[in-house]
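Fold and contact review
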Amino acid sequence: MDKRLLLVFGLIFAWQSLPAGGDATLTQWSTIDALLKGQYDGVTTLGEVKKSGDFGLGTLDGLDGEMLLLDGKIYQVDSRGAVHEPANEVRTPLAVVTFFAQDLDFTVPAGLTLEELQARIDAVLPSPNRFYAVRVTGRFAQVRTRSVPRQIKPYLPLAEVVKTQAMFTLTDTTGTLVGFRCPAFVKSLNVPGYHLHYLTDDKHGGGHVLGLVTGEGVRVAVEVIRNFMVKLPDSAAFDALDLSGDRSMELKKVESERK
Ligand SMILES: [Zn+2]
């Protein structure tokens, strides 16, 4: 057979053998719109969250910083940028988790911005209509993160709170980006597109990722997810929220860097 034809068949085979997404499930507690509306009271415990995953992100009771779950351990990056390991009894108002099992794995060059890194990942994903757990490890020339200060009642909407967010620039660190890429149709429940949190290997810094520049030896691992489980809070506060309407513009302002 013609060598070029073999190559074409090879490429078709490689494309078709992309992972089907096994039986992984993304489990989340509450909804992003409830958080936008200021529903910051915990709806479950971190101990309970860990039963549904070893990898993920969220926040803590009272919107007390950025949370991430990595290798089965939960970390809190508080509004001073300090990293803690909260106890299993601590509650969370929003958590998104899965058991991470890598389906795709590739390296990316140094010098990529967050947008360029996301484009590289998009290019290898089988479809924008599935969920993906994304774990990126290596050296980062820069990671710009934020965290939010613990709130007291009456709670303000998230768009108001992020005006007081603390921002950090972490220069030349090694660490892990932990997060998800969700399909566009998930809006109002979760964040469409990428939502990433960062933790340095020395556990001295991290937070919700606003921007970055990759360094040497950055490796991307992706898990394809087709099951999506939403656990609605069993609370009068949640039941009383007006969750009609479209909050996508508000969400964009809250999640990304103001330009
Ligand atoms: Zn976040």
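For the structure itself, look to the data block above.
Residues numbered from 1 in each chain as written. Predicted model: local features only at pLDDT ≥ 70, side-chain atom pairs only at ≥ 80, totals over all residues. Heavy atoms only, no water.

**A few points about helix α7 (residues 248-255)**
The α-helix winds at 3.6 residues per turn, so residues separated by three or four positions along the chain end up facing the same way. Condition: The cut-offs for exposure are 20% and 50% of the maximum accessible area for each residue type, with area from a 1.4 Å probe on protein chains only; residues under the lower value are buried, those over the upper are exposed, and the others partly exposed. What counts as a helix is a DSSP run of H or I of at least four residues, what counts as a strand is a run of E of at least two, and both are numbered from the N terminus. What the arc describes is the spread of directions from the helix axis to the C-beta atoms. It only takes one pair of heavy atoms within 4.5 Å for two residues to be counted as in contact.
For α7, the full list of buried residues reads Leu251, Val254 and Glu255. Down the axis of α7, the smallest arc covering the buried residues is 85 degrees, so these residues share one side. Projecting away from the buried face of α7 at angles above 90 degrees are the exposed residues Met249, Lys252 and Lys253. Lining the buried residues of α7 we find α2 (32-36), β10 (131-147), α5 (158-161), β12 (193-200) and β13 (206-214).

**Some details on the pairing of strand β5 (residues 73-77)**
This is how the line gets drawn: In this analysis, strands are considered paired if DSSP registers two or more bridges between them.
Counting buried residues along β5, four of its five residues qualify, which places the element largely inside the surrounding structure. Sheet topology note: the strand β4 (residues 66-70)/β5 ladder contains five bridges and is antiparallel. The residue of β5 that forms the bridge with Leu68 is Tyr75. What sits between β4 and β5 in their antiparallel hairpin is a turn of two residues, with Asp71 showing a positive phi close to 50 degrees. Bridging between β5 and strand β6 (residues 83-84) involves two bridges; their strand directions are antiparallel.

**Here's the deal with the packing of aromatic side chains**
Put simply, the rule reads: Only rings of Phe, Tyr and Trp enter the pairing, Trp through its six-membered ring, and a pair is recorded when the two centres are within 6.5 Å. The plane angle decides the type: under 30 degrees is stacked, over 60 is edge-to-face, the rest tilted.
Within the structure shown, the criterion is met by six aromatic pairs. With a centroid separation of 6.5 Å and an interplanar angle of 85 degrees, the aromatic rings of Phe131 and Phe185 are classed as edge-to-face. Placement of the pair is Phe131 in strand β10 and Phe185 in the loop between β11 (166-182) and β12, with a sequence separation of 54 residues. Taking the relative accessible area as the measure of exposure, Phe185 reaches 55% and is therefore exposed. Grouping aromatic residues by their ring pairs yields a cluster made of Phe55, Phe100 and Phe180.

**So, the environment of Val254**
Positionally, Val254 belongs in helix α7. Separated by 214 residues in the primary sequence, Val254 and Tyr40 have C-alpha atoms spaced 15 Å apart. Contact partners of Val254, with chain neighbours within four places excluded, come to Leu36, Arg146, Leu158, Ala159 and Val162.

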